Amino acid sequence: MGAGPGGTLLARYVPGTSAVHRLEPHLKLVSVLAFALVVVATPVHAPWAPAAYAGYLLAVLTAAAVAGVSPARLARGLVVEVPFVAFAVLLPFVAAGPQVEVLGLSVSRTGLAAGGGLLAKATLSILAATILSATTEPRALLRGLERLRLPQVLVQILMFMIRYADVVGGELHRMRVARESRGFHGGGLRGLRVMAATAGSLFVRSYERGERVHLAMLSRGYTGRLPTGAVSAAAPGAWAVALSLPLAAAAVLLAGMLLG
Amino acid sequence: MCNKLGGVHVPDGFLDPATSVATGALAAGTVALALRKAREELDDRTAPLAGLTAAFVFAGQMMNFPLPGLPVSGHLIGAVLTAVLVGPWTAVLCMTVVLLVQAALFADGGITALGTNVTLMALLAVVVGYGVFRGLAALLPRTRTGVLAATGIAAFLSVPVAALSFVGLFAIGGSVDLPLGTVAAAMTGVHLLIGLGEAAITVAVVGAVLAVRPDLVHGAARLRTATPLAGRPTGAATVLR
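Residues numbered from 1 in each chain as written. Chains lettered and ligands numbered in written order. Predicted model: local features only at pLDDT ≥ 70, side-chain atom pairs only at ≥ 80, totals over all residues. Heavy atoms only, no water.

Another aspect to go through is the overall build of chain A. Of regular secondary structure, chain A possesses eleven helices and two strands. In chain A, the order of α-helices and β-strands from amino to carboxyl end is α-α-α-α-α-α-β-β-α-α-α-α-α. Buried positions account for 47% of the 260 residues belonging to chain A. (Helix = DSSP H or I, 4+ residues; strand = E, 2+ residues; numbered from the N terminus. Buried < 20%, exposed > 50% of the residue type's maximum accessible area, 1.4 Å probe, protein only.)

Here it is, written out as structure tokens:
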């Protein structure tokens, strides 16, 4: 499960005091979303697109350097992309349209641009999101989402999920230890039955825990709202810092459109 | 995570902006409706129960099952499992929250593609899967086997339905012209296999919960019959005296 001392979800957070760490969480969310929008809006088939991707990469790596997020941490964030790398690599071979020669192989011109574009866009957005999760605690992220007017109930569900993910994951881990200490080896249909019984009792325990948590909340005066902590109003300076990443990307995009 | 197959999370830039905006609006509308409906089902228990169920789905997705004949292992997606266990509206919320956490904390699934991912895995998989489940459950006999058979078929179908919907979205808003027939065939082939794994584990888990706490299985509510209580024997009072 790879859970660190702080658990599965907190393992993504790298403590620090950089300018990015100190930003209000909702500003960081807006910034990453705006950056992803600019990246997505880049036309794939424009001849200047590769130059624009390089510009975005420079911007996002600068942000990572300011935030003190190590290259190793960024690389680990990219692991989620692996299935799509396979897809993007296949694209030039299966897409229709005029063919070009690359390294002695005949590939589709549009497929090449599209595959490269997909890969570049996904990678850039994942890098930005990795910086967000490395510099923002899950609880701060919740405050940010609440500040951005995500419905109260959804924020509360998220909060419970984040708080209890490690508890439920820990229960699963203890069940695995118990199973294996009784000599269980996975695999085959028999293994599936045992895993299913594990998952079934995990559900029953999680649900019953939910009921107990609800009763405990009621006895402490729960009225349907939860205090998540105040989010102070962001200073104009903070907005400027947060928006520098998407603005730099937008400048690259604009330059490409005007000059390209 | 690289050798696990399951719900494929669409990254940023995969579909054109118009398609992303459309699926985003659809997802937002559905989640708003689900928030209201789930409150009718669970009232102020919504937050803790849906939150804990989402944590369960999140942990359950870490469990792998072997795919016969393939070098990769599959993992549970859990849309039909959650819908049968806690009801479709709560399931939509749980799956949405899991996708949101995966996008925000793990960069798994693009931020601008969140609406697409919610539409595919929290909306279509749950709605189609639960619809199939209810339809079959009405036709099949009202027994444990009937409920489990309906669950299995629904779970099996939910996976290729989500995959084919993704191919459909790609046909509308994809950035490349691909031979769509080939893509659809390949996606369906792989996802039929994943669907088998999903069905096997979903049936086994629902069966395990039915054996222990049948009252917690939302989809099996019709199996429950009021336990007939034996009336107090009329002569009892006189015997005691």
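The next thing to look at is the UniProt feature "transmembrane region" (unreviewed entry) in chain B. According to UniProt, the "transmembrane region" (unreviewed entry) feature falls on residues 49–67, 79–105, 111–133, 145–172 and 192–212 of chain B. A distance of 30 Å separates the end C-alpha atoms of residues 192–212 of chain B, which is 100% helix and 0% strand. (UniProt positions renumbered as here; feature names shortened; annotations may be inferred.)

Residue and element names in this part refer to chain B. A full pass over the atoms with the stated rule returns seven aromatic pairs over all chains. Aromatic side chains Phe58 and Phe106 sit 6.0 Å apart centroid to centroid with 45° between the ring planes, which places their arrangement in the tilted category. Note that Phe58 is positioned in helix H2 (residues 46–60) and Phe106 in helix H4 (residues 88–106), a separation of 48 residues in sequence. Residue Phe106 is classed as buried on the basis of its relative accessible area, which comes to 10%. Considering the side-chain rings of Phe166 and Phe170, the 6.4 Å spacing of their centres and the 40° angle between planes classify their relative orientation as tilted. (Phe/Tyr/Trp six-rings, centres within 6.5 Å; stacked < 30°, edge-to-face > 60°.)

It is worth spelling out the pattern of salt bridges at this point. Residue and element names in this part refer to chain A. Evaluation of the coordinates by the stated rule reveals five salt bridges over all chains. The partner of Glu137 in a salt bridge is Arg139, with the nearest N and O atoms 3.9 Å apart. Residue Arg139 is classed as exposed on the basis of its relative accessible area of 57%. A salt bridge links Arg174 to Glu171; the nearest nitrogen and oxygen atoms lie 3.8 Å apart. You can see Arg174 and its partner Glu171 sitting in helix H9 (residues 152–181), three residues apart, about one turn around the helix. Glu171 gets classed as buried once you look at its relative accessible area, which sits at 8%. Among the charged side chains, a network of salt bridges with common partners joins Glu171, Arg174 and Arg209. (Salt bridge = Lys/Arg side-chain N within 4 Å of Asp/Glu carboxyl O.)

The partner chain A presents 68 residues to the 56 residues of chain B that form the contact. When the two sides are added together, the surface that chain B and chain A hide from each other amounts to roughly 5,800 Å², 83% of it contributed by carbon and sulfur. For the interface between chain B and chain A, the tally reads one salt bridge. For Glu208(A), the salt bridge goes to Arg213(B), with nearest N and O atoms at 2.2 Å. Our count for the contact surface shared by chain B and chain A stands at three residue pairs in polar contact (both at pLDDT 80 or more). Taken together, the elements giving at least two residues each to the side of chain B that touches chain A come down to helix H1 (17–42), H2, helix H3 (79–86), H4 and helix H7 (180–212) of chain B. When grouped by side-chain class, the residues that make up the side of chain B that touches chain A number 42 nonpolar, seven polar and seven charged. (Contact = heavy atoms within 4.5 Å. Buried area = accessible area lost by both parts, 1.4 Å probe. Polar contact = N/O pair within 3.5 Å; in protein donor to acceptor, adjacent residues only side chain to side chain. Nonpolar A, V, L, I, M, F, W, Y, C, P; charged D, E, K, R; others polar.)

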